[in-house]
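# A look at the structure
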Amino acid sequence: MRSYRPGSGPRSVAAALLAVSLAACGGGTGAGAGGAGGSGAGDPYFPRSGNEGYDVLHYALDLSYDPRARRLEGAATITARATRDLTAFNLDLSGLDVGTVTVGGKGARWSRDGQELTVRPRGALDRDARFRVVVRYSGVPGTVTDPDGSEEGWLRTADGALALGQPVGSMAWFPGNHHPSDKAAYSVAVTVPEGLRVVSNGEPAGEETKEGRTTYRWRTTEPMASYLATVAIGRYEVGRATTRSGLPVYTAVDPEQADASRAVLARLPEVVEWAERTFGPYPFSSAGAVVERPQDVGYALETQNRPVFPGAPDMALLVHEIAHQWYGDSVSPRTWRDMWLNEGFATYAQWLWQEDHGGGSAQRTFDALYAGGYFPDEGSNEALWAFPPAEPPDAASISATPVYWRGAMVLHKVRQTVGDEAFGALLKGWAREHRHGNADTGDFTAYVEESAPDEDFDGIWREWLYGEGRPARP
């Protein structure tokens with residue numbers, strides 16, 4: 001999830017999700033019984049996030065943004081497959097005004113209730129039928145304040161905007177099924193005043209300037225969870241490189257951060273190549289990074305293909321976010337309870353990089369964490385044992401210290417049990433088994449046990465993954 005500087009704690013003070021006012025139109029009513037898709041995908045921490053009854057296959061987003069007026073106009077074309085017979089279905093959309101909704105080219109009734117946009121097509125949709133929804137919307141997109149106090153959604157920057165979506169902020173700038181369990185392909189077109197640049201996920205698909213405005217197009221063919229979608233608008237210095245295997249590497253850096261970022265970003269191809277040796281083939285068609293000013297965004301995020309950084313990253317943070325391309329982006333969590341599968345793996349990648357590049361061993365890091373001397377402040381050392389990594393107590397805790405660091409300690413205990421060679425195979429096998437899919441903690445523990453059937457992992461799961469407090473011994 002959000003990656004802060006190593007050793008830093010989570011953001012303070014839980015806050016409620018952004019309240020959005022009721023705005024209704026079109027004479028429809030909320031989804032209910034009788035063939036209606038459910039509102040919410042059943043997530044334990046974000047129960048209204050996502051929806052039931054359909055699977056999104058593709059998002060086509062056509063956006064126009066005016067930074068001075070801060071106004072966004074959009075048309076979202078959503079291609080989906082019904083997973084049950086539907087007379088109505090829901091989309092997640094926060095704050096923006098809806099103009100029209102069509103399903104299959106025909107006008108549909110719709111209504112608003114908070115973040116829920118309920119759509120009632122003219123005719124029922126049969127199970128397994130593909131359908132196309134077009135939502136036209138506009139307004140001033142806002143931010144979403146998460147339970148941990150951090151902000152996401154549509155963030156205004158000094159020269160444009162930055163869209164970040166983890167865990168639920170994507171609903172602030174486009175309607176969709178905003179839960180990591182529903183991944184889709186994307187095409188994004190964004191029109192902005194001439195002189196600004198737009199960077200998004202995937203590959204550039206063309207640009208054109210007309211009457212003082214430039215449209216940039218991007219395409220993502222590999223499945224992507226909506227929380228990993230990004231749009232960065234601003235004046236960027238763009239860099240292009242390739243890895244030795246020919247993988248394109250595309251970077252966009254705020255000019256104020258260019259000098260400070262140059263040396264570390266020059267090593268980005270090296271980091272990707274190391275990660276391929278360690279985790280298996282790179283799961284996407286390009287790599288890269290977006291570097292914003294620290295005052296514009298307060299955290300790094302593993303947005304697919306090119307993670308976002310708050311200022312020039314150090315090597316540890318760069319390695320962490322590149323590792324997320326395997327663990328979090330390709331293998332995405334089934335629910336937000338499974339965040340340690342993202343953060344534990346990405347944190348452990350930092351330990352492995354240190355081992356391979358003349359730093360301390362993973363065992364040394366593990367021992368320092370267990371002894372309570374790793375972090376510079378006592379509060380962070382104590383916070384490590386606040387709760388088990390597989391069971392954050394609430395939504396405000398899914399990016400807290402135990403999810404990252406104790407999650408990595410779980411992986412180290414597995415490594416101790418199976419040995420280095422088998423652990424290396426396990427890292428690659430887990431990424432390969434769930435490539436471009438979703439997985440939960442039960443999937444992981446089952447995979448580990450099947451990979452090493454002669455070993456006993458019960459103590460690791462009981463004490464390190466699910467246990468309260470610090471285990472009696474390392």
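Notes on the structure in this doc start here. (Residues numbered from 1 in each chain as written. Predicted model: local features only at pLDDT ≥ 70, side-chain atom pairs only at ≥ 80, totals over all residues. Heavy atoms only, no water.)

## Considerations on the layout of surface pockets
Roughly 260 Å³ of internal volume is contained in the largest pocket. Taken together, 14 residues make up the lining of the largest pocket; nearest its centre are Gly239, Thr251, Val253, Arg262 and Leu265. Every element with two or more residues in the lining of the largest pocket is listed here: strand 17 (237-242), strand 18 (248-253) and helix 1 (258-265). For the lining of the largest pocket, the element with the highest residue contribution is strand 17, accounting for five residues. Its residues placed into classes, the lining of the largest pocket shows eight nonpolar, three polar and three charged. What the second largest pocket holds in volume is close to 190 Å³. Around the second largest pocket, the lining residues are Arg277, Thr278, Leu352, Glu355, Asp356, Arg415, Asp420, Phe423, Gly424, Ala425, Leu427 and Lys428. For the lining of the second largest pocket, the secondary structure elements donating two or more residues are helix 2 (268-279), helix 4 (340-356) and helix 8 (420-433). Tallying contributions element by element places helix 8 first for the lining of the second largest pocket, with six residues. (1 Å grid on protein atoms, 1.4 Å probe; cavity = no way out; pocket = protein on both sides within 12 Å on 5 of 7 lines; lining within 4 Å. Points joined across faces, edges and corners; volume = space filled by probe spheres on them. Helix = DSSP H or I, 4+ residues; strand = E, 2+ residues; numbered from the N terminus. Nonpolar A, V, L, I, M, F, W, Y, C, P; charged D, E, K, R; others polar.)

## A short note on the pairing of strand 18
The buried count for strand 18 comes to five of six residues, which makes it a mostly enclosed element. Strand direction decides the pairing type here: strand 17 and strand 18, joined by six bridges, are antiparallel. Residue pairing in the sheet places Val238 in a bridge with Ala252 of strand 18. Taking the residues that link successive antiparallel strands as the turn, the strand 17-strand 18 hairpin has five residues, and the phi of Gly246 there is positive, at about 95°. Sheet topology note: the strand 18/strand 19 (residues 287-292) ladder contains five bridges and is parallel. Residue pairing across strands places Val253 opposite Val291, the latter belonging to strand 19. (Buried < 20%, exposed > 50% of the residue type's maximum accessible area, 1.4 Å probe, protein only. Pairing = 2+ DSSP bridges.)

## Here we look at the packing of aromatic side chains
Summed over the entire model, instances satisfying the criterion amount to 34 aromatic pairs. Pairing Tyr59 with Tyr186 gives two aromatic rings, centres 4.8 Å apart and planes at 25°, and the pair type is stacked. One end of the pair, Tyr59, is in strand 1 (residues 54-66); the other, Tyr186, is in strand 12 (residues 183-193), with 127 residues separating them in the sequence. Ring plane angle 90° and centroid distance 6.1 Å describe the contact between Phe174 and Tyr186, whose orientation is recorded as edge-to-face. In this pair, Phe174 is assigned in the loop between strand 11 (161-164) and strand 12 and Tyr186 in strand 12, connecting sequence segments twelve residues apart. Note that Arg470 overlies the ring of Tyr370, its terminal NZ or CZ placed 4.6 Å from the centroid. (Phe/Tyr/Trp six-rings, centres within 6.5 Å; stacked < 30°, edge-to-face > 60°. Lys NZ or Arg CZ within 6 Å of the ring centre and 35° of its normal.)

## Details of the sheet that holds strand 8 (residues 130-139)
Across the sheet, eight strands lie side by side as 5-4-8-2-1-12-15-14; this open sheet has mixed pairing. The open sheet has two edge strands with one neighbour each: strand 5 (106-107) and strand 14 (203-210).

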